[in-house]
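Structural overview
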Amino acid sequence: MTTVKSIYTLAQTGLIDEQRLPALEPVAARYAVALTETVMGLMDRQDPFDPIARQFVPSEEELVVTAEEMADPIGDNSHSPAPGIVHRHRDRVLFKLVHSCPVYCRFCFRREMVGPQSENALLPETYDNALAYIREHGEIWEVILTGGDPFVLSPRRLAKVGKDLGAIGHVKLLRWHTRVPVVDPAAVSDEFIAALHVPGAATVVAVHVNHPRELGVEARAAIAKLVDAGIPVVSQTVLLRGINDDISTMEALMRAFLECRIKPYYLHHTDLAPGTSHFRVSIDEGLTLMRVLRARLSGMAIPTYVLDIPGGFAKVPLESREAEKTPTGWRLRDHEGHWHAYPPVVEE
């Protein structure tokens, strides 16, 4: 699989006008760039607002950082008791196996933490310490494998991770978060799928898809291989301005998920990551979209519209009593019953 990791190569392929290169150099210096051959093949090069290109091709708008944006918008660091581990909820942890991805989304909430500067997986000692933490906390029932994208690891490494976690008696569910079946579908080989089966624990794959065109023939085949092998697949989608914030696109995406035997799971309100304001829609717009979606689709096709409360206070379902509109914005109630202003108040 060919991967482009340079704005200069993107210019050579015609995805960036060469005249823009000087303005994009500071963007590429700050945030990682990577596009697979599959992703580039999905783009309409005649459309300056192509929804696939907007997700992966760098833009000068990424240098605009607003006051409320933050390097760690969902508060991973404040809930990290050991390197590689985020323990925000009692019964589950995030296990960040890698800090690299096959592609880099321009709206990524971990964009300050991932990239070529952290290409390798966790060091052996760090990995062992993370496993020890999980082993010592009997309340942990689910481990969410993330990063970066853990599916950049080889089948051998994936199998080892699964075996190590499956050997912990109280761990019963492994959830892998990934874009690989869509952006590098050829990687989903028989050996790859076999590595995901873990005796003693169930496996679920959460695949990140934002536009129906991402689910091309090859991606659908890769997802079908996972499902046919008995691995449930759920969706994660980010609500993005100019990409999927219209009802026709979102409806088509949710229908496509079910056609692929993917259960719509989360629709994420875009996080307050640096340089992402041009992607964000308002909560009001998101709620309107959800109301129309419910009128058009069956319940099976409806995702849960959520927002990660900035600062590490976890997700809140926005179509609920946990979200209330105020004269200055919104207030959101976390899982412990505490209210938080959104956007957060920025001290001068």
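Quick summary incoming for the structure in this document. (Residues numbered from 1 in each chain as written. Predicted model: local features only at pLDDT ≥ 70, side-chain atom pairs only at ≥ 80, totals over all residues. Heavy atoms only, no water.)

1. Description of the sheet that holds strand 4 (residues 92-96)
Ordered by their spatial adjacency, 9 strands build an open sheet running 3-4-5-6-7-8-9-10-11, and the pairing between neighbours is mixed. The open sheet has two edge strands with one neighbour each: strand 3 (85-89) and strand 11 (315-317). Adjacent strand axes in the sheet meet at a mean angle of 25 degrees when their direction is disregarded. Where strand 3 meets strand 4, 3 bridges bridge the pair, whose relative direction is antiparallel. By the bridge assignment, I85 is partnered in strand 4 with F95. (Pairing = 2+ DSSP bridges. Helix = DSSP H or I, 4+ residues; strand = E, 2+ residues; numbered from the N terminus. Axes fitted to C-alpha atoms, helices over the stretch in contact; angles between N-to-C directions.)

2. Topic: the layout of surface pockets
What the largest pocket holds in volume is close to 1000 Å³. What lines the largest pocket is a set of 48 residues, among which F109, R110, T146, H177 and Q236 lie closest to the centre. Tallied by class, the residues present in the lining of the largest pocket amount to 25 nonpolar, 12 polar and 11 charged. In this structure, the second largest pocket spans a volume of roughly 370 Å³. What lines the second largest pocket is a set of 18 residues, and nearest its centre among them are R20, P48, A53, R54 and V57. (1 Å grid on protein atoms, 1.4 Å probe; cavity = no way out; pocket = protein on both sides within 12 Å on 5 of 7 lines; lining within 4 Å. Points joined across faces, edges and corners; volume = space filled by probe spheres on them. Nonpolar A, V, L, I, M, F, W, Y, C, P; charged D, E, K, R; others polar.)

3. A short note on the pattern of salt bridges
Opposite charge on two side chains lets them pair, provided their charged atoms get close. Applying the stated criterion across every chain, the model contains 25 salt bridges. Linking E69 and R280 is a salt bridge whose minimum nitrogen-to-oxygen distance equals 2.8 Å. Of the two residues, E69 is situated in the loop between helix 4 (53-56) and strand 3 and R280 in the loop between strand 9 (262-269) and helix 11 (283-296); the sequence distance between them amounts to 211 residues. Taking the relative accessible area as the measure of exposure, R280 reaches 11% and is therefore buried. For E251, the salt bridge identified is with R255, shortest N-O distance 3.0 Å. (Salt bridge = Lys/Arg side-chain N within 4 Å of Asp/Glu carboxyl O. Buried < 20%, exposed > 50% of the residue type's maximum accessible area, 1.4 Å probe, protein only.)

4. Some details on the packing of helix 5 (residues 124-136) against helix 6 (residues 155-166)
Packing of helix 5 against helix 6 leaves a shortest axis separation of 10 Å and a crossing angle of 30 degrees. Between helix 5 and helix 6, the angle falls in the class roughly parallel. Seen along the crossing, helix 5 lies across helix 6 with a hand that is right-handed. In this structure, helix 5 uses Y127, L131 and I134 to contact helix 6, whose residues at the interface are K160, V161, D164 and L165. Within the contact of helix 5 with helix 6, the residues separate by chemical class into 5 nonpolar, no polar and 2 charged. (Parallel < 35°, antiparallel > 145°, perpendicular 65-115°, else oblique. Left-handed = near helix turned anticlockwise from the far one by under 90°. Contact = heavy atoms within 4.5 Å.)

5. Section: the nonpolar core
Proteins that are soluble and globular tend to have nonpolar side chains buried together. If you look at the biggest cluster of nonpolar residues, it comprises 100 residues, and the most contacted ones within it are F95, I134, V143 and L165. Sorting elements by how many residues they give to this core places helix 10 (residues 247-259) first, with 6 residues. In contact with F95, not counting residues within four places along its chain, are G84, I85, L122, Y127, A130, L131, I134, V143, I144, L145, T146 and L165. (Core = buried A, V, L, I, M, F, W, Y, C linked by side-chain atoms within 4.5 Å.)

6. A look at the side chain of E62
Relative to the helices and strands, E62 resides in the loop between helix 4 and strand 3. With relative accessibility at 0%, the residue E62 sits in the buried group. In this structure the side chain of E62 is engaged in a polar contact, spanning 2.9 Å, whose partner is the backbone nitrogen of S59. If near-sequence neighbours (up to four positions away) are discounted, E62 is found in contact with V27, Y31, V57, R106, R111, G275 and H278. (Polar contact = N/O pair within 3.5 Å; in protein donor to acceptor, adjacent residues only side chain to side chain.)

7. A word on the side chain of H177
Among the structural elements, H177 can be located in strand 6 (residues 173-178). Only 3.2 Å separates the side chain of H177 from the side chain of Q236, close enough to count as a polar contact. In this view, H177 contacts I144, L145, T146, D149, P150, A206 and Q236; residues no more than four positions away in its chain are not counted.

8. Overview of the packing of helix 10 against helix 11
In the contact formed by helix 10 and helix 11, the axes pass within 10 Å of each other and the chain directions differ by 50 degrees. On the basis of the axis angle, helix 10 is oblique to helix 11. The interaxial crossing formed by helix 10 with helix 11 has right-handed handedness. The residues of helix 11 that touch helix 10, namely those facing I247, M250, E251, M254 and R255, are L289, V292, L293 and R296.

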